[in-house]
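# Analysis of the macromolecular model
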Amino acid sequence: VVTVHSEPQLRIRIGRDQSSATLTSTTSITVGPGSSDLGKARPYTFQSPLRIGHDQQGFVLTEADGKSVRWRLSTLEIRSNAGNISIATPASQDTPYPGRIELVANHNKAGQALGTFDTINRVGMESYLPGVLSKELYPNWDLKAYRAQAIAARSYANWEMNLPIRKQSHFDLEASQASQAYIGAKASDKARTAVADTTGQVLVFEARVLPAFYSSCSGGVGQDAIAAWPEKIDNLAPLQGRDHGGWGQASSKYRWGPITRDRATLSKRIAAWGMVNKHPIASMSQLASVQVTRKNKVGRPTKLRVTDTARQAFEMDCEDLRMATNFPSGSLPKIDSANLAYSSHAVYTIAGNAVTITGQGFGHGVGLCQFGAQHMASTGTRHDKILGFYYPGAKITKAY
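A brief look at the structure comes next. (Residues numbered from 1 in each chain as written. Predicted model: local features only at pLDDT ≥ 70, side-chain atom pairs only at ≥ 80, totals over all residues. Heavy atoms only, no water.)

## Section: the overall build of the protein chain
Short version of the rule: Only DSSP runs of H or I covering at least 4 residues are called helices, and only runs of E covering at least 2 are called strands; the numbering of each starts at the N terminus. Each radius of gyration is computed over the set of C-alpha atoms, and the globule rule expresses the reference value as 2.2 Å times the number of residues to the power 0.38. Burial status follows relative accessibility: with a 1.4 Å probe on protein chains alone, a residue under 20% of its type maximum counts as buried, one over 50% as exposed, and anything between as partly exposed. Note on contacts: a residue pair qualifies if any of its non-hydrogen atoms lie within 4.5 Å across the two residues. Only the protein chains shown count as cover for residues, with accessible areas throughout obtained via the Shrake-Rupley method and a probe of 1.4 Å. The sign given to each residue is positive for Lys and Arg and negative for Asp and Glu; His and the chain ends receive no count. Charge positions come from single atoms, namely NZ of Lys, CZ of Arg, CG of Asp or CD of Glu.
Scanning the protein chain for helices and strands turns up 8 helices and 24 strands. Its C-alpha atoms give the protein chain a radius of gyration of 23 Å, near enough to 21 Å, the size a compact globule of 400 residues would have. Classification of the 400 residues of the protein chain by burial places 55% in the buried group. Long-range contacts, defined as pairs at least 24 residues apart, comprise 67% of the intrachain contacts of the protein chain with a sequence gap of at least 6. Working note: accessible area of the protein chain is about 18,000 Å², and carbon and sulfur atoms make up 50% of it. For the protein chain, the distance from the average position of its 45 positive side-chain charges to the average position of its 31 negative side-chain charges is 2 Å.

Spelled out as structure tokens, the structure:
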């Protein structure tokens, strides 16, 4: 049961396995021991910019004048002494973040330092959400859609941060679509307004905060959460698929395809996904057919049977085949974004060396459809009515 009575403090992983990062502030930067090293050293003030690296002996902090100091700690907490703190890495541009930054050194199973670290943004929920809305929604969308998204995103974050696996982890959510897309402090005024308008409001069902899943476009047909993630979520009534009508038609992915994939390469890709995920389909030879074996009450596929040319049959959950179809195997060519399987609501047609895929929707299709929410908002529908449509039975409650 997930309940909430005060503003949650979140740990957002904004970078992983990094060898270095440069932190900047309009003033100085204070660095001290992180959460697992409290009391092991006193905080120290550095001038901006500050470059931080890591090797097997600890963190190395280097100021602009080239002076360096080594800290033999596994975690560091970093604060700007005025406003946001910005981070740049070899792989990403300078990005400002609210709150604090924590660097967590990575270790192997034997406890040996790997010379890399994860970067965590420690931030309050209400400071975090504007950076989610600004990334998840288009700038010209209606404020009412932004308000609906704010409540859904706040509810989702509350759910994910309380998963049992997070209690043993050094972060609560990812800054990517693995959780919710997040761009830090570069939030729009519209996003900030929507968050302020809905401060502390969450969706509640049966006395607990609802995991308010959402996706870009459902293609007009919602998916059951339990079908998308059979081992992750209960079969809650507000998260069961329903007819979403034509509300999301403005999305270019409302209907998509045909896309064409090379049959041999796709077969290897699906098998590679099976190998990594310990699924029997790892033994698949050449793909022969994909058949829908079960649908939800509104006709969206939930279970599939994949057959190969050796007449092996593999039962798969709908989302698993989408992930396998798009699996980024290092030994296979990178998939162009125009040739992705955008949803599991798709038909696979095999002819010769080609597999043609057509489908509808973008994403898992559970809960709120973002393009549908925008369409409803543009016709004057209030944010509470939008949420009532996509999460029937859930109630908006002010938790703090």
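So much for the structure itself; the text now carries on.
## Here we look at the sheet that holds strand 9 (residues 85-89)
Rules: At least two bridges found by DSSP between two strands are what make those strands a pair. Between N-to-C directions, angles span 0 to 180 degrees; the directions come from axes that are lines fitted to C-alpha atoms, helices contributing only their stretch in contact.
Sheet architecture is open: 6 strands sit in the order 7-6-5-2-9-10, paired in antiparallel fashion. Two strands bound the open sheet, and with one partner strand each, they are strand 7 (68-71) and strand 10 (92-97). Taking each pair of neighbouring strands and ignoring which way they run, the sheet shows an average axis angle of 25 degrees. Across 4 bridges, strand 2 (residues 20-24) lies against strand 5 (residues 50-55) in antiparallel orientation. In the sheet register, Ser20 faces strand 5, and the bridge partner there is Gly53.

## Observations regarding the packing of helix 1 (residues 125-136) against helix 3 (residues 189-197)
Under the convention used in this document: In what follows, roughly perpendicular refers to angles from 65 to 115 degrees, roughly parallel to angles under 35, roughly antiparallel to angles over 145, and oblique to any angle outside these ranges. Here a crossing is called left-handed whenever its near helix is offset anticlockwise from the far helix by less than a right angle, and right-handed whenever the offset is clockwise. The classification used treats Ala, Val, Leu, Ile, Met, Phe, Trp, Tyr, Cys and Pro as nonpolar, Asp, Glu, Lys and Arg as charged, and all other residues, Gly among them, as polar.
Packing of helix 1 against helix 3 brings their axes to within 8 Å, and their N-to-C directions diverge by 135 degrees. Between helix 1 and helix 3, the interaxial angle falls into the category oblique. Crossing geometry of helix 1 relative to helix 3 is assigned as right-handed. Between helix 1 and helix 3, the residues in contact are Glu126, Leu129, Pro130, Leu133 and Ser134 and Ala191, Arg192, Ala194 and Val195, respectively. Classifying every residue of the contact of helix 1 with helix 3 gives 6 nonpolar, 1 polar and 2 charged.

## Side note on the sheet that holds strand 15 (residues 208-209)
Across the sheet, 3 strands lie side by side as 15-14-24; this open sheet has antiparallel pairing. The open sheet is flanked by strand 15 and strand 24 (395-398), the only strands paired with a single partner. Of the strand pairs in this sheet, strand 14 (residues 201-205) and strand 15 are connected by 2 bridges, and their pairing is antiparallel. Bridged to Val204 within strand 15 is Val209.

## Quick notes on the pattern of salt bridges
The following threshold applies: Salt bridge, as applied in this entry: a Lys or Arg side-chain nitrogen positioned within 4 Å of an Asp or Glu carboxyl oxygen.
Applying the stated rule across the entire model yields 17 salt bridges. With its nearest N and O atoms 2.9 Å apart, the salt bridge here joins Arg13 to Asp118. Of the two residues, Arg13 sits in strand 1 (residues 9-18) while Asp118 sits in strand 12 (residues 113-124), which places them 105 residues apart along the sequence.

## A closer look at the packing of aromatic side chains
Selection criterion: Planes of paired rings set the category: under 30 degrees apart is stacked, over 60 is edge-to-face and the rest tilted, where pairs are Phe, Tyr or Trp rings (Trp by its six-membered ring) whose centres lie within 6.5 Å. By the criterion adopted, a ring carries a charge over it if an Arg CZ or a Lys NZ lies within 6 Å of its centre and within 35 degrees of its normal.
What the rule picks out here adds up to 15 aromatic pairs. Members of the aromatic cluster, joined through ring pairs, are Tyr156, Trp159, Phe213 and Trp229. Its end group placed over the ring of Trp229, Lys232 keeps NZ or CZ at 5.5 Å from the ring centre. In this structure, Lys253 packs its charged tip against the face of Tyr342, placed 4.8 Å from the ring centre.

## Thoughts on helix 2 (residues 143-161)
We apply this condition: In a helix, the anticipated span is given by 1.5 Å times the number of residues less one. For this analysis, a polar contact is any N or O atom pair within 3.5 Å, provided that within protein one partner can donate a hydrogen and the other can accept it, and provided that sequence-adjacent residues contribute only side-chain to side-chain pairs.
End to end, helix 2 covers 27 Å across 19 residues, agreeing with the expected 27 Å (1.5 Å per residue, within 8%). Of all 19 residues that make up helix 2, 17 are buried, and the element is covered over most of its length. The N-cap residue of helix 2 is Asp142: its side-chain oxygen and the backbone nitrogen of Lys144 are 2.7 Å apart.

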